[in-house]
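Descriptive analysis of the structure
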Amino acid sequence: MDTTTVNNFKSEEYFINMGPQHPATHGVLRLLLTIDGEIIKKVEPDLGYIHRSIEKMCERDSYQQIVHLTDRMDYLSSHINNEAVCLTIENALQLEIPERVKVIRTIIGELTRIASHCLWWGVMGMDVGALTTYFYGFRDREMINDIFEETCGARLTMNYNIPGGLMFDIHPNFVKRTKEFVAHFKTKIPEYNRLLTGNVIFQKRMKGVGILTKEDAISFGASGPVARGSGYSCDVRKHHPYSALDKVTFKEALKTEGDSLSRYEVRIQEMWESLSIIEQLIDNIPEGEHKVATKAVIKLPKGEFYQKVETARGELGVFINSKGTKNPYRLKFRSPGFSNLSLLNHIAVGGKIGDLVASMATLDLVIPDIDR
Amino acid sequence: MNITLSITKTIYEFLAGYLSNDAANIGTMVTIALIYLAIFAVAGLYLVLLERKVAAWFQLRIGPNRVGFWGLLQTMADALKLVSKELTGTVKADKFLYNLAPYFVIVSSLMALAVFPFTKEFQAFDINIGVFFLIAISSIGVIGILLGGWASNNKFALIGAMRSGVQTISYELSVGLSLLTMILITGTLQLSEIVEIQKNGWLIVQGHIPAIIAFMIYMIAGTAETNRAPFDMVEAESELGAGFHTEYSGMKFAYFFLAEFINMFIIAAIATTVFFGGWLSPFGITESIPWLGVFWFMGKTLVLVFLIMWFRWTFPRLRVDQLLTLEWKYLLPLNLLNIVLMALIVWLNLTIQF
Amino acid sequence: MSYFGDIYKGIKTLLTGMSVTGKYFLHSRKGAITQQYPDNRDTLKMFDRFRGEVVMPHDENNEHRCTGCQKCEIACPNGTIEIIWDRQIDPETGKKKKMIDQHIYHLGMCTMCGLCIEACPTDAILWAQNYENSVYDRTKLTKVLNQPGSKLMPGVED
């Protein structure tokens, strides 16, 4: 911590460390809070506790080996991270991907988004004090994990995409299980609303708390549901569609108030939209190959390539600078959590500690994504 | 089989055969204190197990079921573990106050437990200002919390203790006023008399509308008194660690923990006595068998304890300023209006009597 | 008047929330999703594609299909697989051929990415579904996949 912060203390303020091990910060994040009684004066996040030098490791691995490292960045939307890297490589090599692969990638991506939002909802309830929502959210997430386990073999870090398509074809039970899940989940979201959203205590905790205006959202670089809660339309799936997303119709969830309740409602709306995307695609998966043959040693042409996708947290960008060899010269991830975390000081100052916890839960941070 | 239910008299007569009168008096008091201490410990342990099982059923899982059949020995195992832990302390803590703080909460809970009529004449201390005594005793518990937070020399503990102090003294008002509403019907503060008056119908039925409002206010204020969710800002686990008992470990932590559950039991027991007829059976079914009154009393109390647990596992937490707004702007004016309403009903003889 | 309206609406939302948890409480006997793990080992079965551990299947003559081409060792991102090989005279054709001595697999370092199994041209290694891999001694996590005294199945070429 720099000394200027210490010297500027007024006499009635004190300094509290919401340390790296803490039940409310989702991961290892250290927050240095300067508080006056109950009002927060300054929040300073301190990162780096889970830095594993993923970008440096990518410089020594070949292109097929990079994909399994991106699973572990934002582990709740692992499939979408894999898809981002694979799309960058495929666009650089200008490969033609079969339609079947695109549709399956989109379906599994939307299932991942729903799983991530289920976990977010459970943890959101737990942070504001309703301790049973955690279990209800995880029960629904277990059904999605079973679908993934049957098809890909793993539940969380799936490594199912490879540059050129999918590692192996989907299991015959995939379509049936997904349809059962969609039917089951449609009865659960109204239950979530009855338990938490409509609750008067919850509304009082979230309404008018942690307000972020549209100009601030754009200038801080926020993306994902955080920015959409303030009215900034930035869904990558709408503006720069990839995979099979240009074939489906869905609405972008936008709210204008910019407080915590509108960020919450944007995510609930996104769950409905993901269900409708899956329903549009699940019945007619086109037949075809499940991958395109690539060379055993992939070498990208010289140049710089960029691809952005919409993960559950926001916009993830993959930048590859290649000098024509079999490893990338530099690979950089523009992670959504990093820009969203920078907002925290802006929205928490002037509120109380309870508001800080509620706002941080709506920002939906996953710290390995920020630290990489 | 004729068992007299008045335990004080039985023990006194038993001891008076062997000792002088004064010594028999003191002997009676010591024996009763030991019996109540035993009841306190056992009841606390089984309430903790009940809370864990009920929480599990709300959360789609099974609670503890490995240690003993149906988990019945689980809290014994937990208590053994806590007893064997090292009693830590911080370096700059004020040793005397730090060690003294848990005893305040235990002593106040035990004293409150002594005045309840478990059944006809089964009461350790039948004082004629029963309700007033209860409200006064429950105010002593907050000293323990404040001392514990201050003496720990820990910023988190201090914030937690301050919040708890503010919360408890605000909600005591609501508790007292809602009990006062029911006293308007009974006209007496003595707990055994209150239960006798309910032979004409439970008090919640006798004073219909204002009694129901008073009961709802009492339940809300009661959960706030004991620092349970949704008012558990004090020990908000996802915010500040563990609140005022962060620095306590081992047996002292067990004291705070048990005292919270016994306080919950006391709040439910007061509600049973004042609103729901104490140890009386509905419509006087088993009036001829007085010792069944214990089971009726425990049954009604456990239903109310379940209600308090239901609140905990469903609702999110209130922020500190919202907690105080709720008390001073909503509960207190409603309480005062309710007292006026009840006074009108009693004066105009509109109570329902059977 | 909105004071009383607010109170009434607030209480109604609280009761709706309580009804949701109350419903789960009443169905708690059937609805509990706990699996009592060590007791249900007999009925617990993983899916076919579950990534438990990499194994090399041997048939009844103690033969495996690994030709020592080292494609899995190259494909692995973090050096989990080490192959110790040598060139020896093949008894059938009389020419020098690569044969494996030991196929070492460090289970402690494996990230279960599956690239080695995809890279193998002869399907020598496969996924097994065992999930109970914890040991008391770390050296037991370094496994040798080919059994002692086994040799290559005849007719397998890469």
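A quick note: this is a predicted structure, and the numbers were derived from the prediction, not measured.

Along the backbone of chain C there are 4 helices and 7 strands. Along the chain direction, N to C, the helices and strands of chain C fall in the order α-α-β-β-α-β-β-α-β-β-β. Relative to its length of 158 residues, chain C is extended, with a C-alpha radius of gyration of 27 Å against a globular reference of 15 Å. Projected onto its principal axes, the C-alpha coordinates of chain C cover approximately 100 × 35 × 30 Å. Going through the 158 residues of chain C one by one, you find that 35% of them count as buried. Averaging the locations of the 20 positively and 20 negatively charged side chains of chain C gives two centres separated by 10 Å.

Attention now goes to the packing of helix 12 (residues 251-275) of chain B against helix 13 (residues 293-314) of chain B. All names here are of chain B. The interhelical angle for the contact between helix 12 and helix 13, taken along N-to-C directions, is 125°, at an axis separation of 8 Å. One way to sum up the angle between helix 12 and helix 13 is to call them oblique. Crossing of helix 12 over helix 13 shows right-handed handedness. Note on element contacts: helix 13 touches helix 12 through Phe-297, Met-298, Lys-300, Thr-301, Leu-304, Val-305, Ile-308 and Met-309, opposite Met-264, Phe-265, Ala-268, Ala-269, Ala-271, Thr-272 and Thr-273. Among the residues making up the contact of helix 12 with helix 13, the classes are represented as 11 nonpolar, 3 polar and 1 charged.

We now examine the interface of chain A and chain B. Across the contact, 32 residues belong to chain A and 24 residues belong to chain B. For the chain A and chain B pair, buried surface summed over both sides reaches about 2,400 Å², with 60% attributable to carbon and sulfur atoms. Considering only the side of chain A, the residues that lose the most area to chain B are Leu-131, Ile-201 and Arg-205 of chain A, jointly responsible for 21% of the buried surface there. At the boundary of chain A and chain B, one finds 2 salt bridges. The interface formed by chain A and chain B holds 6 residue pairs in polar contact (both at pLDDT 80 or more) in total. Listing elements by their share of the side of chain A that touches chain B, those giving two or more residues are strand 1 (14-18), helix 5 (99-128), helix 6 (133-152), helix 7 (174-197), helix 8 (200-206) and helix 15 (353-363) of chain A. A total of 5 residues in the side of chain A that touches chain B trace back to one element, the largest contributor, which is strand 1 of chain A. The class makeup of the residues in the side of chain A that touches chain B is 19 nonpolar, 6 polar and 7 charged.

Below, the discussion takes up the domain arrangement of chain C. Note: interface size is frequently given as the accessible area lost on complex formation between the parts. On domain assignment, one finds that chain C holds domain 1 (1-33) and domain 2 (53-152). Domain 1 of chain C and domain 2 of chain C are separated by 58 Å when their C-alpha centres are compared.

Counting 88 residues, the largest nonpolar core has Phe-116, Met-182, Phe-215, Tyr-218, Ile-270 and Phe-275 of chain B as its most contacted members. Mapped onto the domain boundaries, this core takes at least three residues apiece from domain 1 (1-84) and domain 2 (92-347) of chain B. Counting residues in each nonpolar core, the second largest holds 83 residues, with Ala-244, Ile-285 and Leu-331 of chain A together with Val-20 of chain C among its members.

Counting from both sides, the interface comprises 24 residues of chain C and, opposite them, 33 residues of chain A. Roughly 2,400 Å² is buried in total at the junction of chain C and chain A, and carbon and sulfur atoms are behind 57% of that figure. A per-residue breakdown of the area chain C buries against chain A is headed by Phe-47, Arg-49 and Arg-51 of chain C, which together make up 30% of the total. For the interface between chain C and chain A, the tally reads 1 salt bridge. With a shortest N-O distance of 3.9 Å, Lys-23 of chain C and Glu-191 of chain A are connected by a salt bridge. Put simply, chain C and chain A have 15 residue pairs in polar contact (both at pLDDT 80 or more) between them. Secondary-structure elements contributing two or more residues to the side of chain C that touches chain A are helix 1 (2-26), helix 3 (71-75) and helix 4 (115-119) of chain C. Looking at the side of chain C that touches chain A element by element, the count peaks at 9 residues for helix 1 of chain C. Class assignment of the residues belonging to the side of chain C that touches chain A gives a composition of 13 nonpolar, 7 polar and 4 charged.

Reading the values: rules and limits
- Residues numbered from 1 in each chain as written.
- Chains lettered and ligands numbered in written order.
- Predicted model: local features only at pLDDT ≥ 70, side-chain atom pairs only at ≥ 80, totals over all residues.
- Heavy atoms only, no water.
- Helix = DSSP H or I, 4+ residues; strand = E, 2+ residues; numbered from the N terminus.
- Rg over C-alpha atoms; globule rule 2.2 N^0.38 Å.
- Buried < 20%, exposed > 50% of the residue type's maximum accessible area, 1.4 Å probe, protein only.
- Lys, Arg positive; Asp, Glu negative; His and termini not counted.
- Charge placed at Lys NZ, Arg CZ, Asp CG, Glu CD.
- Axes fitted to C-alpha atoms, helices over the stretch in contact; angles between N-to-C directions.
- Parallel < 35°, antiparallel > 145°, perpendicular 65-115°, else oblique.
- Left-handed = near helix turned anticlockwise from the far one by under 90°.
- Contact = heavy atoms within 4.5 Å.
- Nonpolar A, V, L, I, M, F, W, Y, C, P; charged D, E, K, R; others polar.
- Buried area = accessible area lost by both parts, 1.4 Å probe.
- Salt bridge = Lys/Arg side-chain N within 4 Å of Asp/Glu carboxyl O.
- Polar contact = N/O pair within 3.5 Å; in protein donor to acceptor, adjacent residues only side chain to side chain.
- Domains from an automatic or database assignment.
- Core = buried A, V, L, I, M, F, W, Y, C linked by side-chain atoms within 4.5 Å.

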